[in-house]
2 protein chains.
Amino acid sequence: MQPPYHRLEEFVTLSADEAEIVKGWAANRREVKRYRAIRREGEPVAAVYFLMEGWVGSSLMLRDGRRQIVKVHLPGDLLGFPSLALASAGETLEALTDAVVCPLPPGVVGKILAENPRLAAGLFLSTQKERVALMQQLAWVGATSALERLIAFLLDLHDRLVAANLVKDGSFEFPLTQQHLGELLGLTTVHVNRTLRRLDETGLVERSRARMRIKDVQELREAAATVAPLFAGQEAWNRLGNPS
Amino acid sequence: MQPPYHRLEEFVTLSADEAEIVKGWAANRREVKRYRAIRREGEPVAAVYFLMEGWVGSSLMLRDGRRQIVKVHLPGDLLGFPSLALASAGETLEALTDAVVCPLPPGVVGKILAENPRLAAGLFLSTQKERVALMQQLAWVGATSALERLIAFLLDLHDRLVAANLVKDGSFEFPLTQQHLGELLGLTTVHVNRTLRRLDETGLVERSRARMRIKDVQELREAAATVAPLFAGQEAWNRLGNPS
DNA sequence: CGGTTACTTGACCATTCTCAACGCCGGTGG
DNA sequence: CCACCGGCGTTGAGAATGGTCAAGTAACCG
């Protein structure tokens, strides 16, 4: 199977040199078992991570033990970047399936910023894309009902799984527990359960073990409270490159 | 009054050249009246903005008209960066007070990425800081009660106002309506009102017209559900510059 | 096959929302 | 200068979405 470099080429096509740099990351693989932490909040910021295989959650812990999952990462994602601005890590990275990550010391990022403007622009835009995703999630969680949140998340997940080539025959692996969904969407496990049941009673999705199928993506989109933003791809890079 | 460049120097001290670049931004000032949009969702991504004076809100609109404010920006903030990754703007930027912004075409950002690695690293880290802030807000909104959300927001605002030198004698201007607070925290106006009353009945804050005073910041911090993250400042830049 | 973990369901509870009315304050026009 | 108007803030009563507690069931793992 091809390493998931799709997200790195989304905004800037990589030159041969740049592709070499990226491939070099794979030299350092770290395998992580399901539910194990890759890095916890409060630990030193020793690296960022390229997610090679598996799913990983980024979460914040509140003082009383409640937890908010802020992102479910899929293969090809870069993890841990926000903590580069912090004195110690601000997010816990936890494997949601068995996973493989490639740790990149902050110096690698610095070197790219210093020496490779194209790749730097790609990273920069990728980071902005993540900000948009966070803004969207905040909108779901802050302004919509349980059902709408679930729909919005499933659609977003679906689209990202398609991009990562992980949807087969319209269905995909779904390793999240209902507890995870609750912590992601700001709901209790019990209510996630009821809402999920409602969703598949209406025939919009089908759950079986650790798989899920969205039966009619178009119909589900119409039930969603937000419209997925349209990313600019290459055009974003062109804008950066053509000061007016 | 000094232009608010504090946020640009947070991670990387600017060289004389770099300071010149930044000062050059001020050449192009755009004044915006309170409640006027600087840029709406869906419009072309013509620029990002440096906020010179005043407060600005970034918000997303849902299909049914509900709105989520994702950030209240203060002087010194850079606005509109997430939309650089999008085909058309993903957030509406609305002046919450009379404001002055300096529009920067995307090409200016591209030029910095291409030619000025130090400034680029500063921007990059600033952006990561914003991501951390968004993650925190998501945690408040997703995982805490109305009272805790309000406290968390007020503390965060307070700290940022202090950094921008906008707190005088322990009190600060507070131009947000209760509706804004609701849209920011995922609550209705009515409930914001009740919660605010509860807050000042307990004597933790004092409201008068368009000002607010936090009577005991330390005590309020103890009542908060999250701990504000510690930003790395210069150290973050050092990490980037010293690949291990 | 036993034990653990996740999922499911029910009954009850509470935080927050909805709807509605009213008061205050600032601005505007006569 | 005063009267009106509109926006914002405030308060009350009742409804509802989602939370809590609890128990039971199904799936998975060693």
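In this text the structure is predicted, and so the values were computed from the model without any measurement.

Residues and elements named next belong to chain A. Here chain A is described as being made up of domain 1 (6-137) and domain 2 (144-223). Just the C-alpha atoms count here: the centres of domain 1 and domain 2 sit 24 Å apart. With 17 residues of domain 1 at the contact, the number on the domain 2 side is 15 residues. Between domain 1 and domain 2 lies a buried interface of about 1400 Å² when both sides are counted; carbon and sulfur atoms form 63% of it. When the area that domain 1 buries against domain 2 is broken down by residue, the three leading residues are Trp 55, Val 72 and Leu 74, summing to 37%. In this structure, the salt-bridge partner of Asp 77 is Arg 160, at a minimum N-O distance of 3.6 Å. At the boundary of domain 1 and domain 2, one finds seven residue pairs in polar contact (both at pLDDT 80 or more). The greatest single-element share of the side of domain 1 that touches domain 2, amounting to six residues, is contributed by strand β5 (residues 67-73).

Next up on the list: the protein's contact with DNA strand C. Near DNA strand C lie 16 residues; those nearest to it are Gln 178, Asn 193, Arg 194 and Arg 197 of chain A together with Ala 146 of chain B. Each atom of DNA strand C within 4 Å of the protein belongs either to a base or to sugar and phosphate, the latter forming 72%. Between a phosphate oxygen of DNA strand C and a side-chain N or O atom of Asn 193 of chain A, the distance comes to 2.6 Å. Note that a phosphate oxygen of DNA strand C is positioned 3.4 Å from one of the side-chain N or O atoms of Arg 207 of chain A.

Strand order across the open sheet formed by four strands is β2-β7-β4-β5 (chain A), with antiparallel pairing between neighbours. The open sheet has two free edges, formed respectively by β2 (37-39) and β5 of chain A, since each of these has just one partner strand. Direction aside, neighbouring strands of the sheet carry axes that sit 30 degrees apart on average. In the sheet, strand β4 (residues 56-61) of chain A pairs with strand β7 (residues 92-95) of chain A via four bridges, with the strands oriented antiparallel. Bridge pairing in β7 of chain A links Ser 59 of chain A to Thr 92 of chain A. Most of the contacts of helix α5 (residues 178-185) of chain A go to β5 of chain A, to which it runs at about 105 degrees, and overall it touches β5 and β7 of chain A. Its contacts with the sheet place helix α3 (residues 117-143) of chain B against β4 and β5 of chain A, and it is angled at close to 125 degrees to β5 of chain A.

Each value, and the rule that gives it
Residues numbered from 1 in each chain as written. Chains lettered and ligands numbered in written order. Predicted model: local features only at pLDDT ≥ 70, side-chain atom pairs only at ≥ 80, totals over all residues. Heavy atoms only, no water. Domains from an automatic or database assignment. Contact = heavy atoms within 4.5 Å. Buried area = accessible area lost by both parts, 1.4 Å probe. Salt bridge = Lys/Arg side-chain N within 4 Å of Asp/Glu carboxyl O. Polar contact = N/O pair within 3.5 Å; in protein donor to acceptor, adjacent residues only side chain to side chain. Helix = DSSP H or I, 4+ residues; strand = E, 2+ residues; numbered from the N terminus. Near = heavy atom within 4 Å. Pairing = 2+ DSSP bridges. Axes fitted to C-alpha atoms, helices over the stretch in contact; angles between N-to-C directions.

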